[in-house]
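Summary of the model geometry
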Amino acid sequence: MYLPQATIECNTNGDKLTTEYANTLYERGLDLLYINLYDGIEQMDEFEEMLKDVDESKYKFRMHWGDFEKHGLILNNRSGVIDWIGIEDSDVNSLKGKPCHYPFYKMFVDWNGDVLFCSNDWGREHVVGNLMQQSLRDVWFSKPMNAIRKKLIKGDRSQSPCNKCSVDGTLFGKPSYDLIKEYYESQRSWTD
């Protein structure tokens, strides 16, 4: 395994998922598969049958219908792309000055290998590299990724799409955030 300390997760709506495809993902190092269920609980039976030979700790279902609070989901505006869910400008403004951990612990890889700085950058404003052309390390510590992280460490969310985003961004990822922040601070010109 190339990243023994990393947790490799995949989120899917399951539309293209098959038993064979799931097994291939696990064979290649996938640790956890999240299957988002949008249509109702009846979808769970189909996926449970598909994954019957997979250890139950290696996949989870996320319910995305009905009572969102009951399922522990917090809706967000996907960096300003979604405006119909009732998130007010005051919600976004209340986050100014707060750091965000997303680009410190999570990587979003698009279908073509493009890496977006954040999984909530639904407008695809900031492609920070491409895993088909660069190594994971080179993308993870690319100049664009470093610049974005250094702003977010200071709570500077003035750059788009962060300036439109309603995600708090501090619920998860604190250990990675602290580690990368410490790395930057150990560099002589970390504020560049």
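Above this text sits the structure in question.
**Here we look at the overall build of the protein**
Looking only at helices and strands, the protein has 7 helices and 6 strands in total. Counted from the first residue to the last, the protein has its helices and strands arranged as β-α-β-α-β-α-α-β-β-β-α-α-α. In the protein, which comprises 192 residues, the share counted as buried stands at 37%. In the protein, 61% of the contacts between residues at least 6 apart in sequence involve partners at least 24 apart. Carbon and sulfur atoms make up 50% of the accessible area of the protein, which amounts to about 12,400 Å² in all.

**Comments concerning a negative patch on the surface**
Together, Asp15, Asp39, Glu42, Asp45, Glu48, Asp55 and Glu56 make up a negatively charged patch on the protein surface. Residue Asp45 is classed as exposed on the basis of its relative accessible area, which comes to 53%.

**Quick word on the packing of helix 6 (residues 143–153) against helix 7 (residues 174–186)**
Here helix 6 crosses helix 7 at 105 degrees, and the two axes come no closer than 11 Å. Our classification of the angle between helix 6 and helix 7 gives roughly perpendicular. Only Tyr177, Ile180, Lys181 and Tyr184 of helix 7 make contact with helix 6, whose side of the interface consists of Asn146, Arg149, Lys150 and Ile153. For the contact of helix 6 with helix 7, the class distribution of residues is 4 nonpolar, 1 polar and 3 charged.

**Brief notes about empty space enclosed by the protein**
Counted according to the given criterion, the structure contains 3 cavities of 30 Å³ or more. By volume, the largest cavity is sized at about 100 Å³. Lining the largest cavity are 13 residues, with Cys100, Phe117, Cys118, Cys162 and Cys165 sitting closest to its centre. Among the residues forming the lining of the largest cavity, the class breakdown is 10 nonpolar, 2 polar and 1 charged. Considering only enclosed or pocket space, the second largest cavity measures out at about 40 Å³ in volume.

**Considering helix 6**
Those residues of helix 6 lying buried are Met145, Asn146, Ile148, Arg149, Lys150, Leu152 and Ile153. Structurally, helix 6 contributes buried residues whose contacts are with helix 4 (102–105), strand 6 (127–130), helix 5 (136–140) and helix 7. Immediately downstream of helix 6, the backbone of Gly155 shows phi near 80 degrees, a positive value.

**Observations concerning the nonpolar core**
In this structure, Phe104, Phe117, Val128 and Leu152 are the most contacted members of the largest nonpolar core, which totals 19 residues. Broken down by secondary-structure element, the contributors of at least two residues to this core are helix 4, helix 5, helix 6 and helix 7. Setting aside chain neighbours within four positions, we find Leu152 in contact with Pro99, Cys100, Pro103, Phe104, Arg157 and Cys162. The next biggest cluster of nonpolar side chains, apart from the first, holds 15 residues, and it includes Leu30, Leu33, Phe47 and Leu51.

**A look at the packing of aromatic side chains**
Applying the stated criterion across every chain yields a total of 5 aromatic pairs. Look at Tyr102 and Tyr105: their rings are 5.8 Å apart centre to centre, the planes differ by 45 degrees, and that puts the pair in the tilted class. Taken as a pair, Tyr102 and Tyr105 lie in helix 4 at a separation of 3 residues, close to a single helical turn. What makes Tyr105 partly exposed here is its relative accessible area of 29%. An angle of 55 degrees between the planes, with centres 5.4 Å apart, marks the rings of Phe141 and Tyr183 as tilted. Here Phe141 is found in the loop between helix 5 and helix 6, whereas its partner Tyr183 is found in helix 7, with 42 residues between them in sequence. On the basis of relative accessible area, Phe141 is assigned to the partly exposed category, the value being 27%. Aromatic ring contacts, followed pair by pair, group Phe141, Tyr183 and Tyr184 into a single cluster. One cation-aromatic arrangement involves Arg149 over Phe104; the distance from NZ or CZ to the ring centre is 5.8 Å. Above the face of the Tyr184 ring, Lys150 is positioned so that its terminal group lies 5.1 Å from the ring centre.

Rules used throughout
Residues numbered from 1 in each chain as written. Predicted model: local features only at pLDDT ≥ 70, side-chain atom pairs only at ≥ 80, totals over all residues. Heavy atoms only, no water. Helix = DSSP H or I, 4+ residues; strand = E, 2+ residues; numbered from the N terminus. Buried < 20%, exposed > 50% of the residue type's maximum accessible area, 1.4 Å probe, protein only. Contact = heavy atoms within 4.5 Å. Areas by Shrake-Rupley, 256 points an atom, 1.4 Å probe, with all protein chains shown as cover. Patch = residues over 30% accessible without salt bridge, like charges linked within 9 Å, V, L, I, M, F, W, Y side chains within 5 Å. Salt bridge = Lys/Arg side-chain N within 4 Å of Asp/Glu carboxyl O. Lys, Arg positive; Asp, Glu negative; His and termini not counted. Charge placed at Lys NZ, Arg CZ, Asp CG, Glu CD. Axes fitted to C-alpha atoms, helices over the stretch in contact; angles between N-to-C directions. Parallel < 35°, antiparallel > 145°, perpendicular 65-115°, else oblique. Nonpolar A, V, L, I, M, F, W, Y, C, P; charged D, E, K, R; others polar. 1 Å grid on protein atoms, 1.4 Å probe; cavity = no way out; pocket = protein on both sides within 12 Å on 5 of 7 lines; lining within 4 Å. Points joined across faces, edges and corners; volume = space filled by probe spheres on them. Core = buried A, V, L, I, M, F, W, Y, C linked by side-chain atoms within 4.5 Å. Phe/Tyr/Trp six-rings, centres within 6.5 Å; stacked < 30°, edge-to-face > 60°. Lys NZ or Arg CZ within 6 Å of the ring centre and 35° of its normal.

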